[in-house]
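Observations on chain architecture
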Amino acid sequence: MPTRTHNDNYDEETPLLPPEPALKKPSKPVPWGQIWILLVLQLAEPLTAQVIYPFTPELVRNLGITHGDESRVGYYVGLMQSIFFATQALTVLHWSRLSDIVGRKPIILTGLFGLSLSMYSFGLSTTYWGAVLRHVLRISYFHPSLTPPSRSLNGALNGNIGVIKSILAEITDPASLPQVYAYMPISWSAGGALGPTIGGSLSRPADRFPNTFGNSGFLKKYPYFLPCAVAATFSAFAWVFTLSFLQETVPSPITFRSLLKNGSRPPQSSSVSELDDAEKPYPLRRLMTRRVLVSVINYGTLSLVDIAYRAIQPLFFSTPIDSGGLGLAPPAIGKILASFGILNGVFQVTCFARAHALWGTKKIFVGGMLCAIPMFALFPVMNALARAHGVGLVVYLAVALQVVSSLGLSLAYGCIFLYISAASPNRASLGATNGLAQLLVSIMRAIGPAATASLFSLSLAEGYLGGEMVYVVLLAISLVSVAFGTTLPREVWQM
């Protein structure tokens, strides 16, 4: 990445951008063809992750694991959501570092294979622990002694997030990165719209569409297979798409055959050994610099706040009004979650680059984190409105206000991606740097759903602070995250 020179007219809030004259004429055009391919591939993860959100509370109730205790639903829902990120945390750094050696494409292909296999398995689960273990199946790829589980397999085989961000930084001129990163949320927004819509509309098809699926004994036995199969099939399509069209960005990657032949130590070809330090991937200990740690920690706090909100939102919507929620059915929950996905995609593409140029990276990041405060504060307000007036227009206006507030939080992602890419010691270490960031994020996302959902259940069961203790804790976490955001520099580091 180009080093920066300071001048009085330079926008210190804008990371990764060279001096102003270069902004007008980037050294190379934006490779939109490859970028759109990456966006399609990235869609597979949010689609498979969020397709289960609308029906997970109903699934937990129907599987009988709670024995009719509504206050325990949140605990088991949170555990199921957390297992993906827990297993991903065990492997994501290794996948990202491996991509610096063997290339980005083989790692992405492996991740897509894991997504597809785990979602087919999840749809065939008939017990709670079977669903959880199958959700964990991705880890059996590394540890053959473990039984093949599904939701965790989904996490362990998937290191695609960090790898895709590394490719984007490698193929894009630094002056064009803010523009390109504005498009990254399209995949998550599309997944956030399509996943809940598919999950809410296609769950229990034999009951919901008896004229079409009423005679299907298979779908009666596996009522959630159809939405899972749709997401799994898309991942399989993305695998073929990657194999056919994605270009490798790592120069002279080492093949898996060479790695197997030489054990865990990659062979040192002349093209690799002759590289100077600026062109070689850094070992992990050399990545632990202040600028990397500050960026990574802020990415972790952002992810914790975001995943806590995403985890508690469908749980709150599905919980009966008398128990502290809104009592909505899966189709209604799916529509609300899908509306956020659509609005977020449009908002990010049309507003992020302009807001970035106007206010700068740090202000947008901190402002986005502040949006978490009204997001969490509106949960008890919505329940109070539902108790007083029922679930009508007033409640849905409050839901809309919450969705709009969450759009601000989403803006923070584009900002922190810029900080992390700029923090990498060199381009050869982009994969490892993004992998380190994704490791902490996966840990936060593993802790977030289980802890938040359990706290939600505990607050309801014990009546702490009138059942609203969970929201007080989440508001406190949000304030701490804002404080961490202020540690980011006004001017992003030079490479």
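From a predicted model like this one, the values you see are computed outputs, not experimental measurements. (Residues numbered from 1 in each chain as written. Predicted model: local features only at pLDDT ≥ 70, side-chain atom pairs only at ≥ 80, totals over all residues. Heavy atoms only, no water.)

**Some remarks on the confidence of the model for the protein**
Residue-level pLDDT values for the protein average 78, and 81% of them are 70 or greater. In the model of the protein, helix α1 (residues 20-24) stands out as the element of lowest mean pLDDT, 38, in contrast to helix α25 (residues 469-485), which has the highest, 95. Predicted confidence is poor over residues 137-150, with pLDDT under 50, and the contacts of this stretch with residues over four places away or in other chains come to 52 contacts. (pLDDT = per-residue confidence, 0-100. Helix = DSSP H or I, 4+ residues; strand = E, 2+ residues; numbered from the N terminus. Contact = heavy atoms within 4.5 Å.)

**Some words on the UniProt feature "transmembrane region" (unreviewed entry) in the protein**
Following the UniProt record, one finds the feature "transmembrane region" (unreviewed entry) at residues 73-95, 107-131, 224-246, 332-352, 364-382, 394-420, 432-457 and 469-488. Secondary structure over residues 394-420 splits into 100% helix and 0% strand, and the C-alpha atoms at its two ends are 41 Å apart. Structurally, residues 469-488 comprises 85% helix and 0% strand, and the distance from its first C-alpha atom to its last is 30 Å. (UniProt positions renumbered as here; feature names shortened; annotations may be inferred.)

**Notes on unusual backbone geometry**
Phi is mostly negative for residues that are not glycine, and the peptide bonds are mostly trans. Of note, the phi angle at Arg204 is positive, near 50°, even though the residue is not glycine. Within the secondary structure layout, Arg204 lies in the loop between α11 (185-202) and α12 (205-208). For Leu465, which is not glycine, the phi dihedral falls at a positive 50°. Turning to its location among the elements, Leu465 is positioned in the loop between α24 (430-462) and α25.

**Comments concerning the pattern of salt bridges**
All chains considered together, the criterion is met by four salt bridges. Note that Glu58 is salt-bridged to Arg204, the shortest N-O span being 3.0 Å. Taken as a pair, Glu58 in helix α4 (residues 56-63) and Arg204 in the loop between α11 and α12 lie far apart in primary sequence, 146 residues in all. In this structure, Asp306 and Arg310 form a salt bridge, with 3.0 Å as the shortest nitrogen-oxygen distance. Taken together, the positions of Asp306 and Arg310, both in helix α19 (residues 290-318) and four residues apart, correspond to about one turn of that helix. Overlapping salt bridges, with partners in common, bring together Glu58, Arg204 and Asp207 in one network. (Salt bridge = Lys/Arg side-chain N within 4 Å of Asp/Glu carboxyl O.)

**Section: the environment of Leu63**
Checked against the element boundaries, Leu63 lands in helix α4. For Leu63, a relative accessible area of 26% gives the class partly exposed. As for Leu63 and Thr127, which are separated by 64 residues in sequence, their C-alpha atoms are 6.1 Å apart. Among all residues touching Leu63, those that are not within four sequence positions of it are Thr126, Thr127 and Tyr128. (Buried < 20%, exposed > 50% of the residue type's maximum accessible area, 1.4 Å probe, protein only.)

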